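# Residue-level structure breakdown
Single-letter residue listing:
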Amino acid sequence: ASDVYKRQAAWKALGNMKGAVVALDPKTGNILAFVSKPGFDANQLAVHSGVESNANYAAMLADENGPLFNRAANELYAPGSVFKVIMATAALESGQYTAESVFPNPPKFQLPGTNVFVQNSGEGKCGGKPTVSIADALRFSCNVPMAQLGIALGQDQIRKQAELFGFGKKVKYPMTSTASVYPENMDDAQVGLSAFGQYDVRSNPLQMAMVSAAIANQGVLMTPNLVENVLSSNLSVLMQSQPNIFSQPMSKETAQSVKEMMIGAVSRGVSGNARVQGVEVAGKTGTAQNGKGEPYTLWFTGFAPADNPEVAVAVVIADGGGQGQGGVGNSLAAPVARKVIEAVLRK
């Protein structure tokens, strides 16, 4: 599919919702789509009258919807359950766990030293058995086992894994992203919350697309790149970009195992709205809370086709997609990702 077609599909798929879409080629790091909404009409800044262009710029700055914000790379959001992909990777990379390692599965879990209880959303019972595997915790998106896993792993192990994916770093693509954040100096209760992307964990869509791209590319993360080449006025090539390795956040075996978990989340779990006819999609939805009465932040990250990935994608929808606390990642973010995947694969 043509690059313009992919970008238009991503722009259209977001509709009138505030948010962003990033699509990467996992094998090269090339950025296939990079959309932030609401956007602005650059023609308004290119008018011949300086007075008029200044007035237009001032109006954009004053717009409470922030059309000048680059939500794809410079706005940070609570990632919620898409962070569970990083948790599953950290668990396997620690050498202490496999996809089938189990945790106690009570309906609610008391955070150490507090009167705060963690509960699962939606799929409240998380399979309904006394224990639950890491694979099923990802598939059903359960908070209770993830909080226990986070406390058992410890913040240093989780942070190390998040940083291998790019957390804590400004990523040059060649513009510069805002560094995603995995907090430091937490107590066990805060670590428990961080394990399902809450407390002070923050990420941007570029970062979450990089997480999926690394898993898609058998554990090798390529540096995201927006500029394919630079031509001179006579169309000779001044600069031709080459794919660069950003990091190797996990082994090939871990990547395969987490990929299978993400396939399960889409095919037999809570991320089903990302399914594409005739294509195996690996993915994970997220619905992040932002404080009392605040609208949720809705997410999807994933890649397709699962066996030979051509696209890794991340979608964030801010302000609850206009549905306050009524929308979830699977209802609003996953269908956007599905349309982008379909556009790239021309399904």
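Whatever comes next refers back to the structure up there.
Residues numbered from 1 in each chain as written. Predicted model: local features only at pLDDT ≥ 70, side-chain atom pairs only at ≥ 80, totals over all residues. Heavy atoms only, no water.

## Considering the pairing of strand β12 (residues 297-304)
A regular strand carries its side chains on alternate faces of the sheet. Applied cut-off: Burial here depends on accessible area, computed with a 1.4 Å probe over protein chains only, as a share of the maximum for the residue type. Under 20% is buried, over 50% is exposed, and the range in between is partly exposed. Strands here mean DSSP runs of E at least two residues long; helices mean DSSP runs of H or I at least four residues long; both are numbered from the N terminus. Strands were regarded as paired on the criterion that DSSP finds at least two bridges between them.
Of all the 8 residues making up β12, 8 are buried; the element is thus mostly covered by neighbouring parts of the structure. Pairing of strand β11 (residues 282-288) with β12, which is carried by 7 bridges, proceeds in the antiparallel orientation. Directly across from A288, in β12, lies its bridge partner T297. For β12 and strand β13 (residues 311-317), the ladder comprises 7 bridges, and the chain directions are antiparallel. Looking at the pairing, G302 lines up with V313 of β13. The loop that links β12 with its antiparallel partner β13 comprises 6 residues.

## Brief notes about the sheet that holds strand β2 (residues 31-37)
Condition: Helix axes use the C-alpha atoms of the stretch in contact, all axes being lines fitted to C-alpha atoms, and the angles between their N-to-C directions lie in the range 0 to 180 degrees. The contact rule is simple, with two residues in contact once any of their heavy atoms fall within 4.5 Å.
Within the open sheet, the 5 strands sit side by side as β2-β1-β13-β12-β11. Their pairing is antiparallel. Whereas interior strands pair on both sides, the edge strands pair on one side only; in this sheet they are β2 and β11. Averaged over neighbouring strand pairs, the angle between their axes works out to 5 degrees when direction is ignored. Sheet strands in contact with helix α1 (residues 3-14) are β1 (19-24), β2 and β13, and its direction is about 30 degrees off that of β2. Contacts between helix α9 (residues 252-267) and the sheet are confined to β11 and β12, with β11 contributing the most and set at about 70 degrees to the helix.

## Some points on the side chain of S177
By the element assignment, S177 lies in the loop between α6 (155-165) and α7 (188-194). Discounting chain neighbours no more than four positions away, the residues touching S177 are A73, N74, K169, K170, V171, N204 and L206.

## Notes on the pattern of salt bridges
Quick note on the threshold: Take a side-chain nitrogen of Lys or Arg and a carboxyl oxygen of Asp or Glu: if they are within 4 Å of each other, that pair is a salt bridge.
Under the definition given, this model contains 4 salt bridges. Put simply, D156 and R159 hold a salt bridge, and the shortest N to O gap is 3.1 Å. You can see D156 and its partner R159 sitting in helix α6, 3 residues apart, about one turn around the helix. For D156, a relative accessible area of 56% translates into the label exposed. Taking the relative accessible area as the measure of exposure, R159 reaches 11% and is therefore buried. One salt bridge in this structure joins E342 and R338, with 3.9 Å as the shortest N-O distance. Of this pair, E342 and R338 both sit in helix α10 (residues 329-345), 4 residues apart, which is roughly one turn of that helix.

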